[in-house]
Amino acid sequence: MMNPNYKPLLQSYSFRSGVHLSNRIVMAPMTNWSSKPDGSVSDEEVQYYGRRSGQVGLVVTACAYVTPNGKGFHGEFGADRDEMIPSLQRLAAAIKAKGSKAVLQIFHGGRECPPELVPGGEVVSAGSVPSPNNPSLTPRALSNEEITSIIKDFGDATRRAIEAGYDGVEIHGANGYLIQQFFSPHSNTRDDQWGGNLVKRMTFPLAIVDEVKRVVAEHARDAFLIGYRFSPEEAETPGITMADTLELVEALSTKELDYIHVSLMDFWSKPRTGDELDRPRIELIKEKAADRVPVIGVGAIHSPEEALKAFETGIPLIALGRELIMDPDWVKKVEEGNESEINVTVEKDAQERLMIPDPLWNAIINTPGWFPVV
């Protein structure tokens, strides 16, 4: 019998757009490096997502690149051309067949793209500033025409998501990729309409939001949600500050989005900068968003107790990542009162049972401290 304390986590939820979830648990977007070289989804990937669908209310996929020069890593799947629609459809169908809603995360890697994955090996960004992750590679600053084209590419990828049967898209403005590169004073050194002060650095992200909204209004026949993911601060100086992010949240809150999704390693982490260093970032973000846009919270939430504690802050949706890799039946065990049986480790012989593709499994097994492996 389910512990009644956890009942709030299993309550249904409806977004502004009309998309309805069976509960408040979201599968966070996680890279699995398992798609085919041509950008199509692999059989192993379909099985992996299918195994983790049907219990969580919402599944957000790993990111899909919207244009060829935006492919950010090996084994990433694409949404950059109409030929990818059947591939995208396979993944959406596998998720929705079990009853979960399917959201396609769309992105451009910008200066984080490996040269060997993009046309001509030419890596692009908001400005010609190397990434701290690859200081020897200087990206080329995008032209105005290219920026306009990429904005349209996000819209085109959204249309493909609609045609492939997804229930929504999540715009990936986090984790140092192109959208964040435009928002960041570290990577955006432009002095035109796309950069300079804070307002201009928000122009590209907000233009993408507007284009995605336009495409949804034109092409979606059923309820279709739009979310936006962001990272609240950067370690670099200059970099994105908490004050910058609160201004972005303010702007996003006026866009009638279905949700905003904070990318955090720790749900309770506190700001690096600002006047309120003793309050969790998520609390400041929720306060700024107020009742205008729901917030998805994530970060080091392992147990139902931790999920409930996070939920009780007023955050309506809780995303789990590695927990659903280790135990795809996390929600079912909570529903049945068997939360003490939730797997908190990965056994070395569990790959087939957990339906984890080889590239992701190799990362789990060979990265010390990344997952608790026994």
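Structure first, text after, so check above.
Asks: Please provide a residue-by-residue account of the packing of helix α1 (residues 43–51) against helix α2 (residues 85–96), values included.
Replies: Between α1 and α2, whose axes approach to 8 Å, the crossing angle comes to 25 degrees. Overall, the two elements α1 and α2 adopt an arrangement that is roughly parallel. At the point where α1 passes α2, the crossing takes the right-handed sense. In this structure, α1 contributes D43, E45, V46, Y49 and G50 to the contact, and α2 contributes R90, L91, A94 and I95.

Asks: Pulling in residues and values, what's your account of the pairing of strand β4 (residues 58–65)?
Replies: In regular strands, side chains alternate between the two faces of the sheet. Burial analysis of β4 places eight of its eight residues in the buried class, which makes it a mostly covered element. The pairing of strand β3 (residues 25–27) with β4 spans two bridges and is classified as parallel. When the bridges of β4 are listed, M27 appears paired with V59. Inspection of the sheet shows β4 paired to strand β5 (residues 101–107) by six bridges, in the parallel sense. When the sheet's bridge partners are listed, V59 is paired in β5 with A102. For the segment spanning β4, α2 and β5, crossover handedness is right-handed.

Asks: An account of the pattern of salt bridges is needed here, citing residue identities and associated values.
Replies: Applying the stated criterion across every chain yields a total of 21 salt bridges. Residue K152 pairs with D156 through a salt bridge whose shortest N-O separation is 3.0 Å. With K152 and D156 both in helix α3 (residues 144–163), this residue pair falls four residues apart, about one helical turn. D156 sits in the buried class, given a relative accessible area of 17%.

Asks: So what's going on with the packing of α3 against helix α6 (residues 203–219)? Residues and values would help.
Replies: Helix-helix packing is characterised by the crossing angle of the two axes and by the distance between the axes. Where α3 contacts α6, the axes come no closer than 9 Å and their chain directions differ by 35 degrees. Between α3 and α6 the crossing geometry is right-handed. From α3, I147, I150, I151, K152, F154, G155, T158, R159 and I162 reach across to α6, where they touch F204, A207, I208, E211, V212, V215, V216 and H219. Taken together, the residues that form the contact of α3 with α6 break down as eleven nonpolar, three polar and three charged.

Criteria and thresholds
- Residues numbered from 1 in each chain as written.
- Predicted model: local features only at pLDDT ≥ 70, side-chain atom pairs only at ≥ 80, totals over all residues.
- Heavy atoms only, no water.
- Axes fitted to C-alpha atoms, helices over the stretch in contact; angles between N-to-C directions.
- Helix = DSSP H or I, 4+ residues; strand = E, 2+ residues; numbered from the N terminus.
- Parallel < 35°, antiparallel > 145°, perpendicular 65-115°, else oblique.
- Left-handed = near helix turned anticlockwise from the far one by under 90°.
- Contact = heavy atoms within 4.5 Å.
- Buried < 20%, exposed > 50% of the residue type's maximum accessible area, 1.4 Å probe, protein only.
- Pairing = 2+ DSSP bridges.
- Right-handed = clockwise from strand over helix to strand, strands pointing away.
- Salt bridge = Lys/Arg side-chain N within 4 Å of Asp/Glu carboxyl O.
- Nonpolar A, V, L, I, M, F, W, Y, C, P; charged D, E, K, R; others polar.

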